[in-house]
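# Fold and contact review
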Amino acid sequence: MALEQLCDMVQRCQAIKDEGFSPEDYDLFFTAGRTCIEQGNSAQVLSILVDEKNKVCSPKELLVGLLEQVEEADTGSIAETVTLLLKPLQTVLLRLGMKKASSVGMALSTLLSQVATLPVPVTKEQEEEDVFGLCDCCTALLQFVKPFVEEIKGVVKDNNKISKDNELRVELLKFCMKSLSKPLLEVQLKDPDTLLKSPLRDFATEILIILWSIGESLPDLLSRNVLKRREIPGFLEEEVRYPKESLACLSHLLFVDHIAVDIFPAVLSPIFVLQCNMEYIELLLSRTEESRLQKGLELYEKSLIRVEDNSLPVDLLELKTFFSVPQNLVKVMTLCPDQTLRTKGLKVFQLSIDKFNTEAKYKFFKGMLKTSHHAGVEGYIIKNIKNQIDFSLKPCNGNDWFLGKHLLPLLRLVLCLPHGSETDLLQNLDRIMESLNLLRYMLIRDKEWENETGIWTELYKIEDNYLKPLRTGLNMSKAHYEAELKSAKENKKISSKDSKASVCTVTVDNEKLPNMTPEMQIQVLQSAVFTFDLIESVLARIEEIIVTKETPLL
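A quick note: this is a predicted structure, and the numbers were derived from the prediction, not measured.

### Examining helix H10 (residues 199-213)
For H10, built from 15 residues, the straight-helix expectation of 21 Å at 1.5 Å per residue is met to within 8% by its first-to-last C-alpha distance of 20 Å. Along H10, the residues that are buried comprise Leu200, Arg201, Phe203, Ala204, Ile207, Leu208, Ile210, Leu211 and Ser213. Looking at the buried residues of H10, the elements they touch are helix H7 (124-129), helix H8 (134-159), helix H9 (167-181), helix H11 (218-222) and helix H14 (244-255). Directly after H10, the chain includes Gly215, whose backbone phi takes a positive value near 95°.

Given below as structure tokens:
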């Protein structure tokens, strides 16, 4: 019935001139056409559109009508509507001739906005089943843009180049950039060994090929943020034309997923590639979405792996991203709710340390100790400092940074208490234990008469500024917790005589512990006392070494 109404409407349109069409005529035409498409008669609608006799139908009006159908599609029918209307849309756009660029852009923007709302498949099975139709839509979009890409390729072939401001080229560039941002940045592509035929992987590959086909150099896109540090006309326009989030996805596709590697020349040095990628890594790691964090960690890891150990020069630490990325990485390591990502973050953090040369490691450690404000991270840095000192003390490994005069300022940052004897020892446990282990190691390993590290020269300051305040704080904290533990045990004896279950509170360091049973309170307090014993055992060993060295032989 709808197809008959459309045919009748077309015959009416053929009988009158274009300027004679009324708004009601257009409404009737679009309604009939939409109903036909919804009923699966898109082929018949297409044949009407391409018929030479129907040229009087206004392509632009028809384009607007078709795009309205795309925009008005409800959530459950987006994929079906898009795939049904792409062929008619393409036919209408091709009818517009040389003036189609803005219409192509409008169509691509509308289509992608709708496609981007579709749920992204997470598992291999979800991509194969494609319940929500994202994969079908991506495949259909590639067919939709193909003739427009071919047109640009023809211009390039005839002239050996194309103007960067060619309108159709710009619209295709916008399409690629938007596709990289959504949906591709949301997608975790499957390895070919896991999923041999992957529509989303094919879509990502074709997007990069389209960029190359329309005259965009992939190495130039990658290095835009490094090479743009000069005043050029249209700077703001360039930022809009090449969104950083899209370029971050491009970089991930190239270096993590190895997409389109055959059209990416492997001539860039690993250090330059890392420098290019740092801004994208910073962007990804500054987000809170786990998908973004994962991609940021993957891109950072792959960029670092290509770099030789101990090769990154200290000059890189002057770049903003080489400071901000570790700060973001610390947030992932300490705050991310996903255990896998926290573990991955720590692995990449260590990998980044391994790539710095000796001077860069020294300055990196110094900066992290001043800015991390997290005992666990500071403890990890101190452990790395110990490893560097150990390496430097071995034959032929001596250097100016982890021995002697340069080492001492770093040790002063390590061997200190944030609030003197009133420092919260439990909260700073990781840092305190690693610093004590480092000091013990140096006193045993570096003989007093050799004093390669300079530790023996500095020892009297360390005793006054670190060991004595630590001993005072430790004695006070241990006495306080032991008293609380004794009190809790006595309260438990009293409460056990009552028939009713009791819940009470314990105040430690002017802070009330959460309400808990006496057994739970005793367990917490015993754990704290055990921790203090652990600190004291290492501290006592250090004091013993110092006394032994200071006692003259008879």
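### Comments concerning the nonpolar core
Counting 155 residues, the largest nonpolar core has Phe144, Leu180 and Leu436 as its most contacted members. No other element matches the twelve residues that H8 contributes to this core. Beyond its immediate stretch of four places on either side in the chain, Leu180 contacts Leu185, Ile207, Leu208, Leu211, Ser246, Cys249, Leu250 and Leu253.

### Let's talk about the pattern of salt bridges
In this structure the tally under the stated criterion is 27 salt bridges. Put simply, Asp202 and Lys197 hold a salt bridge, and the shortest N to O gap is 2.9 Å. Given the relative accessible area of 61%, Lys197 is considered exposed. For the salt bridge of Lys244 with Glu279, the shortest nitrogen-to-oxygen distance reads 2.8 Å. Of this pair, Lys244 sits in helix H14 while Glu279 sits in helix H15 (residues 270-285), and the two are 35 residues apart along the sequence. Residue classification places Lys244 among the partly exposed residues on the basis of a relative accessible area of 35%. Owing to a relative accessible area of 9%, Glu279 belongs among the buried residues under this scheme.

### Section: the packing of H9 against H14
The contact between H9 and H14 brings their axes to 8 Å, and the two run at 75°. Classed by the angle they form, the pair H9 and H14 counts as roughly perpendicular. Counting all contacts with H9, which are made through Met177, Leu180 and Ser181, the residues of H14 involved are Glu245, Ser246, Leu247, Cys249, Leu250 and Leu253. Counted by class, the contact of H9 with H14 contains six nonpolar, two polar and one charged residues.

### Some remarks on unusual backbone geometry
A cis amide bond links Lys182 with the next residue in sequence, Pro183, at an omega value of 15°. Relative to the assigned elements, Pro183 resides in the loop between H9 and H10. Residues other than glycine seldom take positive phi values, yet His258 does so here, at roughly 55°. Here His258 is to be found in the loop between H14 and H15. The exposure class assigned to His258 is partly exposed, which follows from its relative accessible area of 47%.

### Considering the packing of helix H17 (residues 321-335) against helix H19 (residues 358-371)
Relative orientation and spacing of two packed helices are given, respectively, by the angle between their axes and the distance between those axes. Relative to each other, H17 and H19 sit at 50°, their axes nearing to 12 Å. Between H17 and H19, the interaxial angle falls into the category oblique. Viewed along their axes, H17 and H19 form a crossing whose handedness is right-handed. In contact with Phe323, Pro326, Gln327 and Val330 of H17, H19 contributes Phe364, Met368 and Thr371. A breakdown of the residues in the contact of H17 with H19 according to their chemical character gives five nonpolar, two polar and no charged.

### Here we look at the environment of Leu413
Inspection of the secondary structure assignment puts Leu413 in helix H21 (residues 404-414). For the pair Leu413 and Ile382, spaced 31 residues apart in sequence, the C-alpha to C-alpha distance is 9.8 Å.

### Digging into the confidence of the model for the chain
Mean pLDDT for the chain: 85, with 82% of residues reaching 70 or above. Taking the mean pLDDT of every element in the chain, the minimum, 56, falls on strand S1 (residues 507-508) and the maximum, 97, on helix H18 (residues 339-355).

Scoring rules and cut-offs
Residues numbered from 1 in each chain as written. Predicted model: local features only at pLDDT ≥ 70, side-chain atom pairs only at ≥ 80, totals over all residues. Heavy atoms only, no water. Helix = DSSP H or I, 4+ residues; strand = E, 2+ residues; numbered from the N terminus. Expected span 1.5 Å × (residues − 1). Buried < 20%, exposed > 50% of the residue type's maximum accessible area, 1.4 Å probe, protein only. Contact = heavy atoms within 4.5 Å. Core = buried A, V, L, I, M, F, W, Y, C linked by side-chain atoms within 4.5 Å. Salt bridge = Lys/Arg side-chain N within 4 Å of Asp/Glu carboxyl O. Axes fitted to C-alpha atoms, helices over the stretch in contact; angles between N-to-C directions. Parallel < 35°, antiparallel > 145°, perpendicular 65-115°, else oblique. Nonpolar A, V, L, I, M, F, W, Y, C, P; charged D, E, K, R; others polar. Left-handed = near helix turned anticlockwise from the far one by under 90°. pLDDT = per-residue confidence, 0-100.

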